[in-house]
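Notes for the structure review
Here's the letter readout for the chains.
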Amino acid sequence: MTVTSINTGTEKTTITAKGKMGEYGKVYVTYHLSYNAARTGGTVDGQGRGFTADGYASGRFQGFWELVDGVVVMRNVVNITDNTMNLDVIKFNPLTRELVVQAYILK
């Protein structure tokens with residue numbers, strides 16, 4: 001995925017991204033990252049929408065994030081409208097604006 005915007009704030013940072021994601025088609029997603037006391041991690045929540053020629057899917061997620069060697073790593077549980085759940089591990093490199101999602105089916 002490609003990051004389309006980053007809004008930093010004192011309480012949280014918001015990251016938006018878009019890209020093609022397999023069966024979910026063209027996907028748009030927003031991550032809201034809240035900070036821990038050290039500001040090197042914290043909680044993350046958000047939602048995404050995927051669009052294909054056959055329709056769309058929607059998902060909401062919650063999890064945790066941490067900064068590892070300059071890369072933001074998020075681990076989220078995603079609840080999708082078709083009643084499935086994924087564990088997503090997301091790595092965002094601020095230098096390249098690349099955001100890589102690894103999805104693991106939970107249900």
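Note: the structure precedes this text.
Notes on the structure in this doc start here. (Residues numbered from 1 in each chain as written. Predicted model: local features only at pLDDT ≥ 70, side-chain atom pairs only at ≥ 80, totals over all residues. Heavy atoms only, no water.)

**Some thoughts on the overall build of the protein**
- Secondary structure assignment for the protein yields 0 helices and 8 strands.
- Each helix (α) and strand (β) of the protein, taken in turn from the N terminus, gives the series β-β-β-β-β-β-β-β.
- In terms of overall dimensions, the protein is globule-like: its C-alpha atoms have a radius of gyration of 13 Å, near the 13 Å expected for 107 residues.
- If you line up the protein on its principal axes, its C-alpha atoms span 45 × 25 × 20 Å.
- Burial status across the protein gives 35% buried among its 107 residues. (Helix = DSSP H or I, 4+ residues; strand = E, 2+ residues; numbered from the N terminus. Rg over C-alpha atoms; globule rule 2.2 N^0.38 Å. Buried < 20%, exposed > 50% of the residue type's maximum accessible area, 1.4 Å probe, protein only.)

**Comments concerning the pattern of salt bridges**
- According to the stated counting rule, one finds 1 salt bridge in the structure shown.
- The partner of Arg75 in a salt bridge is Glu66, with the nearest N and O atoms 2.9 Å apart.
- Its relative accessible area of 42% is what places Arg75 among the partly exposed residues.
- On the basis of relative accessible area, Glu66 is assigned to the partly exposed category, the value being 33%. (Salt bridge = Lys/Arg side-chain N within 4 Å of Asp/Glu carboxyl O.)

**Section: the packing of aromatic side chains**
- Within the structure shown, the criterion is met by 4 aromatic pairs.
- Seen from their ring centres, Tyr28 and Phe51 are 6.3 Å apart, and the 65° between their planes marks the pair as edge-to-face. Remark: Phe51 occurs in strand S4 (residues 41-52) and Tyr28 occurs in strand S3 (residues 26-34); sequence separation between them is 23 residues.
- We classify Tyr28 as partly exposed; its relative accessible area is 41%. (Phe/Tyr/Trp six-rings, centres within 6.5 Å; stacked < 30°, edge-to-face > 60°.)

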